[in-house]
Every structure is written in C-alpha cells, then in structure tokens.
Amino acid sequence: MTFNPNFYRLTQLHRQLDDAERREARRRGADPFRLLRLKTLKLAVKERLAALTLRPSLRLALAR
C-alpha cells in the first residue's frame, strides 16, 4: 500500500475533533448544537479515512 499524504492529515484532524468534542461535552452548559456539529465533522473525516484505506478495486465498485 502506498502512503497517501492526506491520510496523516485526516488522522490528525479526527484526533483534534475528538478532543474538541470531549472538551465541549465536559464543559458546563455545553452547547448541543456545537456537539452535534463536531460529531458530524468527525464522522465525515472518519468516512474519508475509510475510503482511503479501501482497496482500489473495492473503491471503484462502491463508486458506481
């Protein structure tokens, strides 16, 4: 498997979003809309990471 430079960047972004989500959840008077937005962004990043790790033949089959 060749190294994709986006993989590391997306991994870092996922970790940052996870940290931000935890901080917001622990905060007194946490904003539920901010939590929802962080979770949505984190899920989108996770899906992009999963797409990067799929084998090329499988990726083409899912794209159809």
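The sections below set out a description of the structure shown in this document. (Residues numbered from 1 in each chain as written. Predicted model: local features only at pLDDT ≥ 70, side-chain atom pairs only at ≥ 80, totals over all residues. Heavy atoms only, no water.)

**Focus: the overall build of the protein chain**
Scanning the protein chain from N- to C-terminus turns up three helices and zero strands. When the 64 residues of the protein chain are sorted by exposure, 17% land in the buried category. Surface accessibility of the protein chain: about 5500 Å² in total, with carbon and sulfur atoms responsible for 59%. (Helix = DSSP H or I, 4+ residues; strand = E, 2+ residues; numbered from the N terminus. Buried < 20%, exposed > 50% of the residue type's maximum accessible area, 1.4 Å probe, protein only. Areas by Shrake-Rupley, 256 points an atom, 1.4 Å probe, with all protein chains shown as cover.)

**Details of helix H1 (residues 5-26)**
Working note: α-helix, 3.6 residues per turn, so residues spaced by three or four point in the same direction. If you check H1, its first and last C-alpha atoms are 33 Å apart, about what 22 residues at 1.5 Å a residue would give, namely 32 Å. Every buried residue of H1 is listed here: Leu10, Leu17, Asp18, Ala20, Glu21 and Glu24. For H1, the angular spread of the buried residues around the axis is 165°, confining them to a single face. Counted as exposed and oriented over 90 degrees from the buried face of H1: Pro5, Tyr8, Arg23 and Arg26. (Expected span 1.5 Å × (residues − 1). Arc of directions from axis to C-beta.)

**Some thoughts on the pattern of salt bridges**
This model, assessed by the stated rule, comprises six salt bridges. Between aspartate 19 and arginine 22 there is a salt bridge, and its shortest N-O distance comes to 3.3 Å. Of this pair, aspartate 19 and arginine 22 both sit in helix H1, three residues apart, which is roughly one turn of the helix. Given a relative accessible area of 30%, aspartate 19 falls into the partly exposed group. The class for arginine 22 is partly exposed, based on a relative accessible area of 43%. The salt bridge partner of arginine 34 is glutamate 24, with a shortest N-O separation of 3.2 Å. Linking arginine 34 in helix H2 (residues 32-53) with glutamate 24 in helix H1, this pair joins segments that are 10 residues apart in sequence. The exposure class of arginine 34 is partly exposed, given its relative accessible area of 41%. Several salt bridges share partner residues, and in doing so they unite Asp18, Asp19, Glu21, Arg22 and Lys42 into one network. (Salt bridge = Lys/Arg side-chain N within 4 Å of Asp/Glu carboxyl O.)

All we've got here are geometric facts, nothing functional implied.
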